[in-house]
Amino acid sequence: MAIEPLAEDLQKALIRSYLSRVGRGLDKVNLERIVASPLAKHALFLRVLLSELQAVGTYAELSDQIASYLRVTSVSDLYTEVFRRWEADFGSTLVRKSLALIAVCANGISEEDLRMIIAPPHELLESAEWSPFLLSAELELSPRPGFLALTNDHISDAVIHGYLRSEDEQIAREQVSKLYQAVASTAVGFTFVGGVEKRIPKLLDHVDEAKKRFSEMQERAYCELPAQLIWLNDWDSLLEVLKSSDFLDWAFEHARLELGQYWRELSLHRPGASLVLCEDIDLSSPSGLRHCSSIAGLLDEIGELSGALKALSMLDEHYRRERSWSPLGHSLLKKADLLRKAGNSKSALDVAREAEAVFAGCKEDAGVAFALAEQGRFLADLGDGDGAIRKLQIAMRTLQPMGLQAPLAVVYNTLGSLLFKRGDMNRGTEYLKRAETIFREIGDLGGLARALQNQALALTLDWRLRDARKCREEAARILNEMMRNQEISTGQKENKVDGPIRRWSRSRLPWIFRG
């Protein structure tokens, strides 16, 4: 949203109001000097300038200070002057280290973690040293209590491109990674953290509170650590983090999109590394079974189909031993889908037939219908259109009285496309319309986009080009909306923070891979 330049009378009113809160004011000469500056029409510039004038020690220094600030050519340059004032007041080491750590963290950094990193060995940074700086900088660095981030693009540009040296950024990333690696690999909150050697958390009176604080710190580590290791090209450490069962459990729930990105990036530098995910999986508990299934889905997502098939084969063997027939049938259907993706529709058909037999044996009619629908897809791939239509029609008749709308819509969509390709325009259109209607009713945007794309193809074959174009355009709008919603929901879910932090999260994936 663009903000209009401030009018002169509004500038003067804001200046008087802002400075009066601390019992200060400006004479007419200095007031006119500020109003005459083109940059002072920028609301952020004016607010930062007035904050700095509040910090000027004596009235005699005021004119010189105003002249110095008005010589800058941008808001970012003004922030650079602010950093120099912070250094003079609070020490260059504290300010430079703090800004470097805040800048390199894609999601910001907690006060607790920052103080732990910049403190001398075996100590914590005392509040007396830290609090004055934080109070002075809170408008620029603190979008929520206890959490630090750069709050706008101008201060980000000033810190990253104007203030920090290249070695500052490298050191800060190494320090963040060192702390969070130790935290991520620690099972209990009362152990020492690597070379930092401070208790996490320290001086707590209650065990439950200690566990809660350590759990929060571990979540911050999981959220931030992979990005830092990628930037540092530390692929071995990244592999250790990404294959950790604790990290995977957290990421499957909270950072599913990023998890796939991390593994894809790692696979570029460590080919085949993702296969370690299939090692040492404990299938003796429900959580272990869910973990193995999630790993199969992840490997499928990043294109490691052999690893995904291996994970599903482990599940199949377990379900057979335990005589868990319904889970076995569903696992076989997933396996059949993967075999089709791998270009082996014949083996996929055999596995789907096995799944049908398993579901029939445990009298699960819905499962039988699912297996038949999959067989229809695979037969179509193999060129047996008549066989595919027969399987899909049986699946359709089985699902219709059950009220299972989502799978029924998929069957309608596939069946309609097949009928159109075979020249049965009327029935093909009918089934595709049914699929579209159901997908709209249940809010399945992905399914709706596929149904519209199939309709567009069918209408093109029928030379109804205007209607085909409408379907294609709506499908494209839906897919674009899905992409936007995914980006926004990922940022909100991961950070749970309002304001600028959310902006960092939405742009985080391309940003972290630029290094």
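Residues numbered from 1 in each chain as written. Predicted model: local features only at pLDDT ≥ 70, side-chain atom pairs only at ≥ 80, totals over all residues. Heavy atoms only, no water.

1. Some details on the overall build of the protein chain
A count of helical and extended segments in the protein chain gives 26 helices and 2 strands. Per-residue burial for the protein chain yields a buried fraction of 47% across its 515 residues. In the protein chain, the proportion of contacts linking residues at least 24 apart, taken out of those at least 6 apart, comes to 61%. With the model as given, the accessible surface of the protein chain reaches about 25100 Å², and the carbon-plus-sulfur share is 52%. (Helix = DSSP H or I, 4+ residues; strand = E, 2+ residues; numbered from the N terminus. Buried < 20%, exposed > 50% of the residue type's maximum accessible area, 1.4 Å probe, protein only. Contact = heavy atoms within 4.5 Å. Areas by Shrake-Rupley, 256 points an atom, 1.4 Å probe, with all protein chains shown as cover.)

2. Looking at helix H10 (residues 166-184)
With 19 residues, H10 ought to run about 27 Å at 1.5 Å a step, and its terminal C-alpha atoms sit 27 Å apart, in line with that. Every buried residue belonging to H10 is among Asp168, Ala172, Arg173, Val176, Ser177, Leu179, Tyr180, Ala182, Val183 and Ala184, and all of these are buried. (Expected span 1.5 Å × (residues − 1).)

3. Looking at the pattern of salt bridges
A pair can form between side chains of opposite charge whenever their charged atoms are brought close. What the rule picks out here adds up to 31 salt bridges. Residue aspartate 113 is joined to arginine 220 by a salt bridge in which the shortest nitrogen-to-oxygen separation is 2.7 Å. A residue pair is termed long-range when its members are at least 10 positions apart, and aspartate 113 in helix H7 (residues 111-118) and arginine 220 in helix H11 (residues 207-231) qualify at 107 residues. Note on aspartate 113: relative accessible area 0%, which makes it buried. We note a salt bridge from aspartate 350 to arginine 353, for which the minimum N-O separation is 4.0 Å. Placement of both aspartate 350 and arginine 353 in helix H18 (residues 345-361) is noted, with a separation of 3 residues, approximately one turn of the helix. Several salt bridges share partner residues, and in doing so they unite Glu87, Arg96, Arg165, Glu167 and Asp168 into one network. (Salt bridge = Lys/Arg side-chain N within 4 Å of Asp/Glu carboxyl O.)

4. Observations regarding helix H20 (residues 385-399)
Helix length check: H20 (15 residues) gives 21 Å between terminal C-alpha atoms against 21 Å at 1.5 Å per residue, within 8%. Every buried residue of H20 is accounted for by Gly385, Gly387, Ala388, Ile389, Leu392, Gln393, Ala395, Met396 and Leu399. In this structure, the buried residues of H20 make contact with helix H19 (365-381), helix H21 (405-421) and helix H22 (425-442).

5. What about the confidence of the model for the protein chain?
Low pLDDT means the predicted coordinates in that region are not meant to be read closely. Looking at the protein chain as a whole, the pLDDT averages 82, with 86% of positions reaching at least 70. Per-element mean pLDDT across the protein chain ranges from 30 in helix H26 (residues 508-512) up to 95 in H18. Here residues 188-206 is modelled with pLDDT under 50, and outside its nearest four sequence neighbours on either side it reaches 42 contacts, counting other chains as well. This model gives residues 489-515 a pLDDT under 50, and the stretch forms 61 contacts once residues within four places in sequence are excluded. (pLDDT = per-residue confidence, 0-100.)

6. Examining the packing of H7 against H10
One can describe the packing of H7 onto H10 by two numbers: an axis separation of 10 Å at closest approach and a directional angle of 110°. Between H7 and H10, the interaxial angle falls into the category roughly perpendicular. Residue-level contacts link Asp113, Met116 and Ile117 of H7 to Gln175, Val176, Leu179 and Tyr180 of H10. The residue inventory of the contact of H7 with H10, partitioned by class, reads 5 nonpolar, 1 polar and 1 charged. (Axes fitted to C-alpha atoms, helices over the stretch in contact; angles between N-to-C directions. Parallel < 35°, antiparallel > 145°, perpendicular 65-115°, else oblique. Nonpolar A, V, L, I, M, F, W, Y, C, P; charged D, E, K, R; others polar.)

7. Some words on the packing of helix H15 (residues 286-301) against helix H16 (residues 305-322)
The interhelical angle for the contact between H15 and H16, taken along N-to-C directions, is 155°, at an axis separation of 7 Å. In this view, H15 runs roughly antiparallel relative to H16, as classed from their interaxial angle. Crossing geometry of H15 relative to H16 is assigned as left-handed. Between H15 and H16, the residues in contact are Leu289, Cys292, Ser293, Ala296, Leu299 and Asp300 and Leu305, Gly307, Ala308, Ala311, Leu312, Leu315, His318 and Tyr319, respectively. The residue makeup of the contact of H15 with H16, split by class, is 10 nonpolar, 3 polar and 1 charged. (Left-handed = near helix turned anticlockwise from the far one by under 90°.)

8. Observations regarding the nonpolar core
If you look at the biggest cluster of nonpolar residues, it comprises 147 residues, and the most contacted ones within it are Ile15, Ile34, Leu53, Phe83, Trp86, Leu141 and Trp263. Each residue touching leucine 53, except ones within four places of it in the same chain, is listed here: Leu19, Arg24, Ile34, Leu62, Ile66 and Tyr69. (Core = buried A, V, L, I, M, F, W, Y, C linked by side-chain atoms within 4.5 Å.)

9. Regarding the side chain of arginine 85
Within the secondary structure layout, arginine 85 lies in helix H5 (residues 75-90). If we skip the residues at most four places from it in the chain, arginine 85 touches Glu52, Ala55, Tyr69, Phe90 and Ser136.

10. Describing the packing of aromatic side chains
Under the definition given, this model contains 9 aromatic pairs. Note on phenylalanine 83 and tyrosine 163: the rings are 5.0 Å apart at their centroids and 55° apart in plane angle, and the pair reads as tilted. One end of the pair, phenylalanine 83, is in helix H5; the other, tyrosine 163, is in helix H9 (residues 153-163), with 80 residues separating them in the sequence. Neither phenylalanine 83 nor tyrosine 163 differs from the other in exposure class; each is buried. Here the aromatic cluster, defined as three or more aromatic residues joined through ring pairs, consists of Tyr79, Phe83, Trp86, Phe90, Phe133 and Tyr163. Above the face of the tyrosine 18 ring, arginine 21 is positioned so that its terminal group lies 4.3 Å from the ring centre. Looking at arginine 96, its charged tip hangs above the ring of tyrosine 163, at a distance of 4.3 Å from the centre. (Phe/Tyr/Trp six-rings, centres within 6.5 Å; stacked < 30°, edge-to-face > 60°. Lys NZ or Arg CZ within 6 Å of the ring centre and 35° of its normal.)

11. Topic: unusual backbone geometry
Although it is not a glycine, arginine 323 adopts a positive phi angle of roughly 55°. Looking at the secondary structure, you find arginine 323 in the loop between H16 and helix H17 (325-341). Accessibility expressed as a relative area gives 59% for arginine 323, which makes it exposed.

12. Digging into the environment of valine 104
Tracing the backbone shows valine 104 in helix H6 (residues 92-104). Spatially, the C-alpha atom of valine 104 lies 9.8 Å from that of aspartate 168, the residues being 64 residues apart in sequence.

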